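Chain by chain, the residues:
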Amino acid sequence: MRKILIDCDPGHDDALAILCALANKEKLEILGITTVGGNQTLEKVTINAQHILAFAQAEVPLVKGQSQPLVKTFQPSDEAHGKSGMDGPYFENLVYPITGENAVLFMAEKIQASKEKVTLVALGPLTNIALLLKTFPEIHEKIEAISLMGGGIRNGNVTSLAEFNIYVDPEAAHIVYHSGLPIIMSGLDVTEQAEIKVDEIGLLRNKGKISHLAYELLSFYNKSGQQFGFVNSPIHDLCALAYLIKPEIFAGNYYFVDVNTSDGIGRGQTFADKRLVSSHKANVLVLENVERKHFVDLLMTALERLDREVI
Ligand code: BDR
Ligand code: CA
């Protein structure tokens, strides 16, 4: 059983990753979920997390984190995930408690209290995680790994070089990538292969309460993705979670990966040292391939499980 903390900014794909984690209780014990400003404001992404957790009848502590990146300020946009940050479904009168407002302290306490090592699953900008690592260096030895969605060693999405989560807070990402902790990077290299097709989204309709919620999430997300040229929908964040459940459907390589924190054209880029001989030691497992069908099956199975559990 792996103990995890999920740091996220829901976000359609964050929401699907949370649902998948909730459905895999025999493999993952969720110690808590923390939010960070990214896809939308901190207030909005926290409301979205409350909606998902309440809808799935979860009992996991939810804690608010940082609203702004470490150094620069950031203004969220409605472009990818809509005004709410998770447009599509309508949630009626759902209440879910917020356990606290200091995600960094919460994570540190959970890690300190845990007998076993804890894996961090990072699905948004790395602000909370960087603060955690800097403020509590003594907990490094209690962290098993950081499985993160962010970056890409081939291309970006916000700019041609930088991916959204890293672009929002490159200084935080720099701290995390240089932490010396084992990092599993689900960047665009792999997440753009982790697509769900339109006809597969259609199969979720009216299938069960949770599957239908996923249908509504993915229907909006698919339409919105079309403005960026996608026909099918890459479920980016689910990769970082799915790897912990079924690592065998992924393939990757170890590289030294660094983060560009300059103010130039490359700000937010994650770049890999692919030289045959390099003075740098590899610091990241970069996932580069996923078996798409198995990935979609993993999601479908998780949703079906929750359909049976949630009344
Ligand atoms: C990442 O950015 C967000 O829009 C998604 O939730 C994902 O974490 C993809 O670039
Ligand atoms: Ca996200």
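The rules we used
- Residues numbered from 1 in each chain as written.
- Chains lettered and ligands numbered in written order.
- Predicted model: local features only at pLDDT ≥ 70, side-chain atom pairs only at ≥ 80, totals over all residues.
- Heavy atoms only, no water.
- Near = heavy atom within 4 Å.
- Polar contact = N/O pair within 3.5 Å; in protein donor to acceptor, adjacent residues only side chain to side chain.
- Areas by Shrake-Rupley, 256 points an atom, 1.4 Å probe, with all protein chains shown as cover.
- Helix = DSSP H or I, 4+ residues; strand = E, 2+ residues; numbered from the N terminus.
- Nonpolar A, V, L, I, M, F, W, Y, C, P; charged D, E, K, R; others polar.
- Pairing = 2+ DSSP bridges.
- Axes fitted to C-alpha atoms, helices over the stretch in contact; angles between N-to-C directions.
- Contact = heavy atoms within 4.5 Å.

As for the site of ligand 1
Logical step 1: As a structural note, the neighbourhood of ligand 1 is formed by Asp13, Asp14, Asn39, His81, Leu123, Met149, Asn157, Glu163, Phe164, Asn165, His236 and Asp237.
Logical step 2: Between ligand 1 and asparagine 157, the relevant distance is 2.9 Å, taken from an oxygen atom to a side-chain nitrogen or oxygen of the residue.
Logical step 3: At 2.6 Å, a side-chain N or O of aspartate 237 approaches an oxygen atom of ligand 1.
Logical step 4: Within the complex, 94% of the 280 Å² of free accessible area of ligand 1 lies under protein.
Logical step 5: Taken together, the elements giving at least two residues each to the shell around ligand 1 come down to helix H1 (12-23), helix H5 (164-168) and helix H10 (236-245).
Logical step 6: The class makeup of the residues in the shell around ligand 1 is three nonpolar, five polar and four charged.

Here we look at the sheet that holds strand S2 (residues 28-35)
Logical step 1: What the nine strands build is an open sheet, ordered S3-S2-S1-S4-S5-S6-S11-S9-S10; its pairing is mixed. The open sheet terminates on both sides in strands that have one partner only, identified here as strand S3 (62-64) and strand S10 (270-273). The mean inter-strand angle of the sheet, taken between neighbouring strand axes irrespective of direction, is 30°.
Logical step 2: Summarising the sheet, strand S5 (residues 143-149) and strand S6 (residues 183-186) pair through four bridges and their orientation is parallel. What sits directly across from serine 147, in S6, is isoleucine 184.
Logical step 3: Relative to the sheet, helix H2 (residues 42-55) contacts S2 and S3, its axis offset from that of S3 by approximately 175°.

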